[in-house]
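Residues per chain are reported as follows:
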Amino acid sequence: MTSIHRRSFSKFMAVTAAAIMLGAGAAQAEVKGLEIMAPSGPGSGYDQLARAIQTVLQDEKLASGIQVQNVAGGGGTVGLSQYVTGKKRNPTIMIVGFALVGGVLTTKSAITLDQTTPVARLMGESDVIVVPANSDIKTMADLVAKLKANPGGVSWAGGSIGGFDHVLVGLIGKAAGVDPTKINYVVHAGGGEVMASTLGGHATVGVSGVEEFRPQIEAGQVRALAISADKRIPGLDVPTLKEAGVDVSLVNWRGIMTHPETREADKKAISEMLATMVKSPSWKAALEKRGWIDTYQPAAEFGPFLKQQQTQIEGALKEAGILK
Amino acid sequence: METLAALGHGFSVALTPYNLLWSAVGVTVGTAIGVLPGIGPALTVALLLPVTYNLEPTSAFIMFAGIYYGAMYGGSTTSILLNTPGESGSIVTALDGHAMAKKGRGAQALATAAIGSFVAGTIATGALTFVAPLMVKLALMFGPAEYFALMVLALTTVTAVLGDSLPRGLASLFIGLALGLVGIDLQTGQARFTLGIAELLDGIDVVVVAVGLFAVGETLFAVSRHRFEKEEMYALKGSKWMSREDWSRSWKPWLRGTLLGFPIGALPAGGSEIPTFLSYLTEKRLSKHPEEFGHGAIEAVAGPEAANNASAAGVLAPLLALGLPTSATAAIMLAAFQQYGIQPGPLLFDSNPTLVWGLIASLYIGNVLLLVLNLPMAGVWVKLLEIPRPWLYAGILIFATMGAYTLNNNLVDLVILWVIGLLGFGMRVLNVPVAPCVVGLILGPLAEQQFRRALTISQGDLSVFVTHPIALSLLVIAALLVLIPVILRSRRAGDPEGTAISH
């Protein structure tokens with residue numbers, strides 16, 4: 001036998017150290033060096049979810065050395081294509097959501113969500129439909145009547161074309177029996193601008209996430225007509241669209257995908273990590289703080305749900321004349 | 001005076017040694033990231049959010065505010081010394097700031113920027129304390145028609161940076177407007193001139209273009225002339241302090257810049273670039289030495305730097321008073337509020353007075369800290385220019401390349417940077433001014449977006465631009481700004497004795 005090489009000696013030490021650490025850990029193995037891709041800029045919805053997951057996973061000691069990477073652009077497709085084509089050394093996950101499904105379609109992205117693997121749906125947000133406090137529109141029924149009488153006369157302020165707000169407005173129009181291509185939808189860069197346009201009375205109606213409008217609703221500066229989810233939100237006295245007589249229900253869901261080349265062991269570890277996370281009190285607290293709805297689905301249910309969303313969103317975009 | 005009592009309470013919160021420490025950490029970090037191109041305050045606050053999770057909300061926000069203000073201070077440093085604007089709000093500063101640095105007046109340029117930022121920051125924070133609700137009410141009167149008129153007004157800035165040749169200046173402007181067309185058309189969702197490259201869907205980043213034209217283009221030009229021409233760049237010539245003349249030429253631009261910056265910053269779609277453009281234009285029109293503009297006029301640094309800092313305070317007005325985030329950093333701060341379970345908005349002043357007034361008081365303190373930090377640093381920073389030329393040039397190119405990459409972690413941005421850099425080099429060789437190109441790139445897409453939004457709401461009725469009083473007034477001012485110099489010139493030309501101008 002030859003003498004112990006220095007390299008194999010240090011390898012031996014590393015293995016021993018890892019074994020000791022594993023032994024000392026809890027039942028749930030810690031995922032090390034997890035990378036989270038948020039396919040949008042800092043402060044966006046995807047980014048907020050990525051950073052909420054980061055904090056909770058760290059607090060619950062389910063993962064360590066977590067890094068969030070923001071890649072903005074193309075309705076999320078730039079981040080998606082970087083995620084799919086990039087080399088991965090560590091376990092990685094990517095945030096996905098309603099807007100990215102639409103983004104892939106509207107930008108005709110060569111790389112699609114089919115090149116990633118669904119892991120879980122985590123949460124959802126409801127939109128709210130608001131009018132300025134001094135508007136003569138008092139209820140959803142008033143709005144629908146006005147829309148039927150003169151579709152072009154009702155201007156809707158909302159987010160990007162093909163995004164959640166836009167699809168929702170299209171569906172409301174359809175439910176009211178109005179030609180979706182006649183809808184006067186005015187694109188704004190984010191909820192802040194939508195709010196400003198609505199508060200200033202420049203647009204007839206504003207459509208954005210409940211949490212973004214909540215302070216103004218509570219202060220009585222805008223009137224909330226309905227929310228898009230099919231369940232009321234605690235602490236907010238606003239009917240659902242269905243209760244208000246419009247047969248539409250839509251939730252702006254977000255979830256997690258992983259790279260198809262991720263090792264099976266890592267895939268399993270990530271799924272289990274998320275399944276444990278959603279049960280933790282700090283995750284529940286994080287949801288409540290941000291007004292997010294718990295919509296957790298494991299991969300077995302999330303996969304089919306994603307397929308169904310792809311079909312539904314494509315159909316809505318075609319009806320609105322965005323896709324040919 | 002309820003406000004003063006509340007502010008006094010705010011100071012008692014912000015002046016505790018613990019919070020003072022966080023403010024100092026914030027302004028130092030902010031200055032550092034302002035100096036680095038590519039890393040903005042938004043990303044920094046996002047990165048720090050998980051770290052600050054266990055801090056008191058008040059302390060965390062005091063630090064965030066320090067970062068935000070600090071980045072505005074730091075952005076001017078690289079603009080002036082290296083011609084590499086780190087933030088879009090400090091692009092205008094590079095025009096005359098770098099020219100001053102080349103003449104050996106870098107220290108004075110940095111000083112007028114720092115003091116101007118302090119004056120503007122303090123006055124604007126005062127405005128935030130006392131008139132935020134009123135300002136926000138005015139800001140909400142701005143709809144798409146009004147914004148479009150404001151963009152047109154800002155576009156007249158181009159007349160101040162066109163240079164000696166009208167055709168060359170306009171060519172540059174149109175290059176900028178054309179670059180601005182690249183990307184998804186927001187109103188219809190169709191891609192324009194993206195060549196099938198997904199990274200181009202969101203358009204070309206203004207900072208990448210500014211760094212490409214200014215830093216890369218200029219540096220390549222300087223290198224190409226290096227063998228033939230004698231060096232014309234000095235670290236420091238004469239005193240490093242601002243002279244009496246510098247002071248007397250700076251104080252009015254500081255005040256006027258503040259006056260432009262705060263209200264436009266408070267507009268939900270105002271931003272920090274437009275007030276800097278308008279400030280440059282105003283100073284050139286009012287200056288006794290308009291011929292110095294573009295060659296190192298101190299007013300052209302003092303005004304825009306004050307304007308961008310005042311606009312930073314303006315952004316906080318709708319955020320605190322309405323919960324409206326009007327910039328990326330404000331959006332992150334909003335997310336941070338939510339992380340602590342605090343809902344900013346109309347009720348914030350009542351529900352969390354300690355936080356709000358502590359934050360506002362920390363803005364005053366942060367400004368003082370920044371001045372103390374930055375003024376002595378000016379003398380140190382200018383030593384950068386003593387680095388031997390070849391090293392300095394290589395350094396600028398590496399710095400610019402690194403900054404363009406960190407902006408979006410995107411290789412395509414590097415290609416754009418260097419293509420634009422070569423374009424800038426070509427423009428420089430052909431004596432085409434680069435500033436109009438940047439003005440066109442920033443304002444073109446904004447103006448188009450607001451124009452179409454206005455017409456969508458009015459269902460195609462063009463009269464919205466003249467029936468809205470604010471829009472009409474702004475358009476009239478814009479027309480006068482363009483026409484009056486032309487009329488004056490033609491009258492002067494038709495009156496060789498010069499009696500017409502002997503008022």
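Everything numeric here is computed off the predicted structure, so don't read it as measured data.

A.B. asks: Quick one: what's the story with the overall build of chain B, residue by residue and with numbers?
C.D. replies: Within chain B, the regular secondary structure consists of 21 helices and two strands. Over its C-alpha atoms chain B spans a radius of gyration of 22 Å, differing by no more than 12% from the 23 Å that the globule rule assigns to 503 residues. Taken along the three principal axes of its C-alpha coordinates, chain B extends 65 × 60 × 60 Å. Within chain B, the fraction of its 503 residues that count as buried is 58%. Partitioning the intrachain contacts of chain B with sequence separation of at least 6 by distance along the chain shows that 79% fall at a separation of at least 24. Accessible surface for chain B amounts to roughly 19900 Å². Of this, 69% is attributable to carbon and sulfur atoms. Positive and negative side-chain charges in chain B, numbering 26 and 29 respectively, have mean positions lying 9 Å apart.

A.B. asks: With reference to specific residues and values, describe the domain arrangement of chain A.
C.D. replies: All names here are of chain A. When cut into domains, chain A gives domain 1 (31-124 + 252-319) and domain 2 (127-227). The gap between the C-alpha centroids of domain 1 and domain 2 is 28 Å. Listed as interface residues are 10 residues of domain 1 and, on the opposing side, nine residues of domain 2. A per-residue breakdown of the area domain 1 buries against domain 2 is headed by Phe98, Asn252 and Glu319, which together make up 51% of the total.

A.B. asks: Tell me about the interface of chain A and chain B, and name the residues and values.
C.D. replies: The interface of chain A with chain B comprises 47 residues on the first partner and 46 residues on the second. Both sides together, the interface formed by chain A and chain B hides about 3600 Å², and carbon and sulfur atoms give 57% of it. Counting across the interface, chain A meets chain B through one salt bridge. A salt bridge links Glu193 of chain A to Arg453 of chain B; its shortest N-O distance comes to 3.0 Å. Counting the contacts that link chain A with chain B gives eight residue pairs in polar contact (both at pLDDT 80 or more). Among the elements of the structure, helix H2 (45-59), strand S4 (67-70), helix H3 (77-85), strand S9 (184-187), helix H7 (191-199), helix H8 (210-218) and helix H10 (281-290) of chain A are those that each provide at least two residues to the side of chain A that touches chain B. A total of six residues in the side of chain A that touches chain B trace back to one element, the largest contributor, which is H2 of chain A. In terms of residue class, the side of chain A that touches chain B is built from 15 nonpolar, 23 polar and nine charged.

A.B. asks: Any chance you could break down the sheet that holds strand S8 (residues 155-158) of chain A for me, citing the residues and the numbers?
C.D. replies: Residues and elements named next belong to chain A. Overall, mixed pairing links the five strands, which are arranged S9-S8-S10-S7-S11 in an open sheet. Only two strands of the sheet have a single neighbouring strand rather than two, namely S9 and strand S11 (222-227). Looking at each pair of strands side by side, their axes are set apart by 30 degrees on average, direction ignored. The strands touched by H7 are strand S7 (127-132), S8, strand S10 (205-209) and S11; relative to S10, the strand with the most contacts, the crossing angle is about 155 degrees.

A.B. asks: Residues and numbers for the pattern of salt bridges, please.
C.D. replies: Counting across every chain of the model gives 25 salt bridges over all chains. With a closest N to O distance of 2.6 Å, Glu125 of chain A and Arg254 of chain A form a salt bridge. Taken together, the positions of Glu125 of chain A in strand S6 (residues 117-125) and Arg254 of chain A in strand S12 (residues 252-258) put the pair 129 residues apart, joining distant regions of the chain. We classify Glu125 of chain A as buried; its relative accessible area is 17%. Arg254 of chain A sits in the buried class, given a relative accessible area of 6%. The structure contains a network of salt bridges with shared partners spanning Asp185, Arg192, Glu448 and Arg452 of chain B.

A.B. asks: I'd like a description of the pairing of S11 of chain A, backed by residues and values.
C.D. replies: All names here are of chain A. In terms of burial, S11 is largely enclosed, as five of its six residues are buried. Relative to S11, S7 runs antiparallel, the two being bridged by five bridges. Among the inter-strand pairings, Pro132 is bridged to a residue of S11, identified as Val222.

A.B. asks: Quick one: what's the story with the packing of aromatic side chains, residue by residue and with numbers?
C.D. replies: Evaluation of the coordinates by the stated rule reveals 14 aromatic pairs over all chains. Ring centres of Phe148 of chain B and Phe465 of chain B lie 5.0 Å apart, and the angle between their planes is 55 degrees; on these two criteria the pair is classed as tilted. Here Phe148 of chain B, found in helix H7 (residues 144-155), pairs with Phe465 of chain B, found in helix H20 (residues 464-467); they are 317 residues apart in sequence, far enough to count as distant. With respect to burial, Phe148 of chain B and Phe465 of chain B carry one shared label: buried. One aromatic cluster is present, built from ring pairs that chain together Trp253, Phe302 and Phe305 of chain A. Across from the ring centre of Phe305 of chain A, 4.4 Å away, lies the NZ or CZ of Arg121 of chain A, which sits over that ring.

A.B. asks: How would you explain the side chain of Ser311 of chain B if you had to name every residue and give the values?
C.D. replies: All names here are of chain B. With respect to the helices and strands, the residue Ser311 is situated in helix H13 (residues 299-322). Side-chain polar atoms of Ser311 contact the backbone oxygen of Asn308, separated by 3.0 Å. With near-sequence residues (within four places) excluded, Ser311 lies in contact with Gly261, Phe262, Gly265, Gly271, Ser272 and Pro275.

A.B. asks: Quick one: what's the story with the sheet that holds strand S5 (residues 92-97) of chain A, residue by residue and with numbers?
C.D. replies: Adjacent strands of a sheet form backbone hydrogen bonds with each other and so pair up, either parallel or antiparallel. All names here are of chain A. If you trace the six strands from one edge of the open sheet to the other, you get S4-S2-S5-S12-S6-S13, paired in mixed fashion. Each having just a single partner strand, S4 and strand S13 (293-298) make up the two edges of the open sheet. The sheet shows a mean angle of 20 degrees between the axes of neighbouring strands, taken without regard to direction. With seven bridges connecting them, S6 and S12 associate as antiparallel partners. Bridge pairing links Ala120 to Ile256 in S12. Of the strands in this sheet, S5 and S12 are in contact with helix H4 (residues 98-106), which crosses S5 at around 85 degrees.

Conventions we followed
- Residues numbered from 1 in each chain as written.
- Chains lettered and ligands numbered in written order.
- Predicted model: local features only at pLDDT ≥ 70, side-chain atom pairs only at ≥ 80, totals over all residues.
- Heavy atoms only, no water.
- Helix = DSSP H or I, 4+ residues; strand = E, 2+ residues; numbered from the N terminus.
- Rg over C-alpha atoms; globule rule 2.2 N^0.38 Å.
- Buried < 20%, exposed > 50% of the residue type's maximum accessible area, 1.4 Å probe, protein only.
- Contact = heavy atoms within 4.5 Å.
- Areas by Shrake-Rupley, 256 points an atom, 1.4 Å probe, with all protein chains shown as cover.
- Lys, Arg positive; Asp, Glu negative; His and termini not counted.
- Charge placed at Lys NZ, Arg CZ, Asp CG, Glu CD.
- Domains from an automatic or database assignment.
- Buried area = accessible area lost by both parts, 1.4 Å probe.
- Salt bridge = Lys/Arg side-chain N within 4 Å of Asp/Glu carboxyl O.
- Polar contact = N/O pair within 3.5 Å; in protein donor to acceptor, adjacent residues only side chain to side chain.
- Nonpolar A, V, L, I, M, F, W, Y, C, P; charged D, E, K, R; others polar.
- Pairing = 2+ DSSP bridges.
- Axes fitted to C-alpha atoms, helices over the stretch in contact; angles between N-to-C directions.
- Phe/Tyr/Trp six-rings, centres within 6.5 Å; stacked < 30°, edge-to-face > 60°.
- Lys NZ or Arg CZ within 6 Å of the ring centre and 35° of its normal.

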